[in-house]
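The lines below spell out each chain.
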Amino acid sequence: MQTRGSGTTRHRSARPVQILSALCLAAALALTGCTGADDTGSASSDSDKAAGAPGANEAGAGAADSDAGSGKKEQAAAPRLTAHIIHTASLTVQVKDVPKSLAETRTVVENAGGMVGNETTDRDSKGRERSRVVLRVPADKYEEVLTELEGSGKLLDRRAKAEDVTEQVVDVESRIKSQRASVVRIRELMDQATRLSDVVTLEGELSTRQADLESLLAQQASLKDRTSLATITLSLSETPVKKGVEDDDPGFADALGGGWDAFVTMFRWIALALGAVLPFLVGAALLLFLWARFLRGRTPARPVAAAPSGAGTGSLPVAPPVRGEGDDKD
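Conventions and cut-offs
Residues numbered from 1 in each chain as written. Predicted model: local features only at pLDDT ≥ 70, side-chain atom pairs only at ≥ 80, totals over all residues. Heavy atoms only, no water. Helix = DSSP H or I, 4+ residues; strand = E, 2+ residues; numbered from the N terminus. Buried < 20%, exposed > 50% of the residue type's maximum accessible area, 1.4 Å probe, protein only. Contact = heavy atoms within 4.5 Å. Areas by Shrake-Rupley, 256 points an atom, 1.4 Å probe, with all protein chains shown as cover. Salt bridge = Lys/Arg side-chain N within 4 Å of Asp/Glu carboxyl O. Pairing = 2+ DSSP bridges. Axes fitted to C-alpha atoms, helices over the stretch in contact; angles between N-to-C directions. Patch = residues over 30% accessible without salt bridge, like charges linked within 9 Å, V, L, I, M, F, W, Y side chains within 5 Å. Parallel < 35°, antiparallel > 145°, perpendicular 65-115°, else oblique. Left-handed = near helix turned anticlockwise from the far one by under 90°. Nonpolar A, V, L, I, M, F, W, Y, C, P; charged D, E, K, R; others polar. Phe/Tyr/Trp six-rings, centres within 6.5 Å; stacked < 30°, edge-to-face > 60°. Core = buried A, V, L, I, M, F, W, Y, C linked by side-chain atoms within 4.5 Å. Expected span 1.5 Å × (residues − 1).

Moving on, we come to the overall build of the protein chain. Helices and strands together make up the secondary structure of the protein chain, namely seven helices and five strands. A total of 330 residues make up the protein chain; the buried ones form 15% of that total. Within the protein chain, counting contacts between residues at least 6 apart in sequence, those at least 24 apart form 77% of the total. Counting only carbon and sulfur atoms, one obtains 58% of the accessible surface of the protein chain, whose full area is about 26000 Å².

Turning our eyes to something else, we now look at the pattern of salt bridges. Taken as a whole and assessed by the stated rule, the structure comprises nine salt bridges. A salt bridge links Asp122 to Arg130, with the nearest nitrogen and oxygen atoms 3.5 Å apart. Judged by its relative accessible area of 37%, Arg130 falls in the partly exposed class. Arg158 is the salt-bridge partner of Glu150, the closest N and O atoms lying 2.2 Å from each other.

The subject of this paragraph is the sheet that holds strand E5 (residues 229-238). Spatially, five strands are ordered E2-E3-E5-E1-E4 in an open sheet, and the strand pairing comes out mixed. Looking at strand neighbours, the two that pair on one side only are strand E2 (115-123) and strand E4 (154-164), the edges of this open sheet. Along the sheet, successive strands turn relative to each other by an average axial angle of 10°, direction set aside. Along the sheet, helix H5 (residues 196-228) makes contact with strand E1 (85-95), strand E3 (129-138) and E5, crossing E5 at roughly 55°.

Residues Leu286, Leu287, Leu288, Phe289, Leu290, Trp291, Phe294 and Leu295 make up a contiguous nonpolar surface patch of about 880 Å² in total accessible area. Structurally, Trp291 can be placed in helix H6 (residues 252-295). Residue Trp291 is classed as partly exposed on the basis of its relative accessible area, which comes to 45%.

At their nearest, the axes of helix H4 (residues 166-192) and H5 sit 9 Å apart, and the two run at 155° to each other. Taken together, the axes of H4 and H5 are roughly antiparallel relative to one another. Our pair here, H4 against H5, has a crossing hand that is left-handed. Split by residue class, the contact of H4 with H5 holds 13 nonpolar, six polar and eight charged.

We now examine the packing of aromatic side chains. This structure, assessed with the given rule, holds one aromatic pair. A ring pair is formed by Trp260 and Phe263, whose centres lie 5.8 Å apart and whose planes are at 35°; its orientation type is tilted. Residue Trp260 and its partner Phe263 are located together in helix H6, separated by three residues, close to a single helical turn.

With 20 residues, the main nonpolar core has Leu135, Val145, Leu149, Ile232, Leu234 and Leu236 as its most contacted residues. Discounting residues that sit within four places of it in the chain, Ile232 has contacts with Ala89, Val133, Val134, Leu135, Val137, Tyr142, Val145, Leu146 and Leu149.

The next subject is H5. At 3.6 residues per turn, the α-helix brings residues three or four places apart onto the same side. With 33 residues, H5 should reach 48 Å at 1.5 Å per residue; the first-to-last C-alpha distance of 47 Å fits that figure. Turning to H5, its buried residues are Leu202, Leu206, Leu213, Leu216, Leu223 and Thr227. Next to the buried residues of H5 lie E1, H4 and E5.

Written out as structure tokens, the structure is:
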């Protein structure tokens, strides 16, 4: 009886251990299955990423190519900034015949597509003719015309100036666009205005903005005229032809000529002084003659003092009184 009881006890105590072992094995198998599933999923996701990588690279390359192509197109489509330069020049040329040189200058300018502006012609004290003319020539023909005018005679003076006004031209164009848009907005507001006060205010604002727009348009026209046509001021003068080379050192003849010129100059000044004083001398001589002829004889003579009384025999005789011309007449 004791033997059976001990065997039964051992059998009962062994069953929970087997159950616990089976549960642990089942849990281990479950954990192993989950881990395998995760590994399989991660491997599949990695394979999907690897498979999709070429497509992504191709898409990135295509995007880069499209960006580069669009940049090139924008660069090609962007307008190139045109330089606006004002050319001015001043020339002084000596020629033998001013009218002939002036006619040749007109021909050169007209052939280049330019025009002749203001012209002034006069003569100096020696009868030599001088002329000053303002020329307007296209900017692309400026250098050619300038070179040709320099070779028309002996060049005495040349001044040239180039002023870049590109920024000013661009600024004026931008302001004109903004001002035109502003005028359009004011007119739209005037169409929508219902009160008289609003209309009056908008009309004043419109007048101001239109005046500003006209001023900008005038600036634009002036800049366009000065940049499209260069200005050349040409001065032509005649010079005498020298027959020989003059010696700079003075000689005896030069000294003699200088002395003679000084003598003539001095004599001329003396003659001028005498001519200025002569009327006064004539008047003084006439007055002196009249006084000596008429006034001097009529002047009464002064009485002579009588000799003192009681003088002795040694006293001097008294001289008779002096008669004047008036006494003889009486």
